[in-house]
Amino acid sequence: MKLSKKKKNKQTVFCFNVQHVLPKIFPRKPRDFSLPNSSWGKEMMELYNHYNRLTADQSVYLCCVSSGGAYLSKIIQSKARLFTRNIRDPGAAFEYVLFFRQDKLKCVCIFQAGHLLEGPPGHVHGGAIATMIDTVTGTHASLLSAPVMTANLNVNYRSPIPLGSTVLIESILDKEDGRKMYISCRVTSTDGSKLHTEATGNCPQPGESSEGPSHL
Ligand SMILES: CCCCCCCC/C=C\CCCCCCCC(=O)SCCNC(=O)CCNC(=O)[C@H](O)C(C)(C)COP(=O)(O)OP(=O)(O)OC[C@H]1O[C@@H](n2cnc3c(N)ncnc32)[C@H](O)[C@@H]1OP(=O)(O)O
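Just so we're clear, the structure is a prediction, and the values are computed from it rather than from any experiment.

A. Expanded view of the overall build of the chain. A tally of helices and strands in the chain yields four helices and nine strands. Out of the 216 residues in the chain, the part that is buried amounts to 43%. Looking at the chain alone, contacts between residues at least 24 apart form 63% of all its contacts between residues at least 6 apart.

B. Here's a closer look at helix H4 (residues 126-144). Under the 1.5 Å per step criterion, the end-to-end length of H4 is 27 Å for 19 residues, consistent within 8% with the ideal 27 Å. Of all 19 residues that make up H4, 14 are buried, and the element is covered over most of its length.

C. Representation of the site of the ligand within the structure. What surrounds the ligand is a group of 18 residues, the closest being Asp134, Thr150, Lys180, Asn202 and Gly207. Between an oxygen atom of the ligand and a side-chain N or O atom of Asp134, the distance comes to 2.5 Å. Within the side chain of Arg179, a nitrogen or oxygen atom sits 3.3 Å from an oxygen atom of the ligand. The fraction of the free accessible surface of the ligand (1300 Å²) that becomes covered by protein chains is 56%. If you list the elements that add at least two residues to the shell around the ligand, you get H4 and strand S9 (195-204). Its residues assigned to classes, the shell around the ligand shows eight nonpolar, seven polar and three charged.

D. View of the UniProt feature "domain: Thioesterase" (unreviewed entry) in the chain. Following the UniProt record, the feature "domain: Thioesterase" (unreviewed entry) maps to residues 122-194 here. Within the segment residues 122-194, helix and strand shares are 26% and 38% respectively, and the terminal C-alpha atoms sit 18 Å apart.

E. Layout of the packing of aromatic side chains. Per the stated rule, a full pass over the model turns up five aromatic pairs. Taken together, the ring pairs in this structure connect Trp40, Tyr48, Tyr51 and Phe99 into an aromatic cluster. For the cation-ring pair, Arg85 lies above Tyr96, with the distance from its terminal atom to the ring centre recorded as 3.5 Å.

F. Broad picture of the pattern of salt bridges. Enumeration over the complete set of coordinates arrives at four salt bridges. Close ionic contact of Lys106 with Glu170 constitutes a salt bridge, the shortest N to O distance being 3.3 Å. Within this pair, whereas Lys106 is found in strand S5 (residues 106-113), its partner Glu170 is found in strand S7 (residues 166-177), the two being separated by 64 residues in sequence. Using a relative accessible area of 22% as the deciding quantity, one classes Glu170 as partly exposed. We note a salt bridge from Glu198 to Arg158, for which the minimum N-O separation is 2.9 Å. Placement of the pair is Glu198 in strand S9 and Arg158 in the loop between strand S6 (152-157) and S7, with a sequence separation of 40 residues.

Rules used throughout
- Residues numbered from 1 in each chain as written.
- Predicted model: local features only at pLDDT ≥ 70, side-chain atom pairs only at ≥ 80, totals over all residues.
- Heavy atoms only, no water.
- Helix = DSSP H or I, 4+ residues; strand = E, 2+ residues; numbered from the N terminus.
- Buried < 20%, exposed > 50% of the residue type's maximum accessible area, 1.4 Å probe, protein only.
- Contact = heavy atoms within 4.5 Å.
- Expected span 1.5 Å × (residues − 1).
- Near = heavy atom within 4 Å.
- Polar contact = N/O pair within 3.5 Å; in protein donor to acceptor, adjacent residues only side chain to side chain.
- Areas by Shrake-Rupley, 256 points an atom, 1.4 Å probe, with all protein chains shown as cover.
- Nonpolar A, V, L, I, M, F, W, Y, C, P; charged D, E, K, R; others polar.
- UniProt positions renumbered as here; feature names shortened; annotations may be inferred.
- Phe/Tyr/Trp six-rings, centres within 6.5 Å; stacked < 30°, edge-to-face > 60°.
- Lys NZ or Arg CZ within 6 Å of the ring centre and 35° of its normal.
- Salt bridge = Lys/Arg side-chain N within 4 Å of Asp/Glu carboxyl O.

In structure tokens, the structure reads:
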């Protein structure tokens, strides 16, 4: 993955451009799943507008596209799809947008959990929550360094997340030790008053001998 670097108002702004990570052979412009759609509730829209405004000067808006599968299928001859973007029905599963703040080494994700993610009746499945945490910490670590693999993820579920609700997932780089990135993550209600889940993860850049995401 390449990050382009632009000087803007004396600040360095990193732009994540999907065109850099897609091969030229990709037949059409992929749908950008991080743009608003009709399934987004009021809270999701308000938060999206809030963070999107913040990106104007000092942050980066990540375009999380569904293109991974189509890209990979050309290479590994499979029907792979990025797990969190493989359900086409808007609002049915993982609706989310990631915002990466360069200054505080912090990533914020707005996540609206759809009806296909049910675990305990009326609430979000723990595996779906861990998936989103893994996605946020993995993307965060990858954008701070190079593509990583999650080696270790510890998740503590503190209070259930109501199905259909919107939550904030915030990740922070705690420590960088060689090629290991230690990241902590909190899932809270959108006003921050209720803690749903806490997690810590270790995401190293794979060594040369390991089977990392080198094909990316
Ligand atoms: C993929 C990222 C792409 C990014 C693209 C961004 C664009 C945005 C687009 C789309 C976003 C999508 C984002 C999704 C993100 C999802 C992330 C995942 O779910 S990854 C799948 C689950 N994880 C695995 O399958 C790993 C399996 N394990 C391995 O492959 C290896 O064990 C690996 C690579 C983790 C390490 O292997 P070694 O050979 O490279 O290196 P060694 O020496 O074994 O470990 C390195 C250091 O890490 C520690 N370590 C290893 N395993 C550990 C563990 N389980 N717990 C704690 N530390 C561990 C070791 O002690 C070592 O530390 P010392 O350097 O000696 O200090």
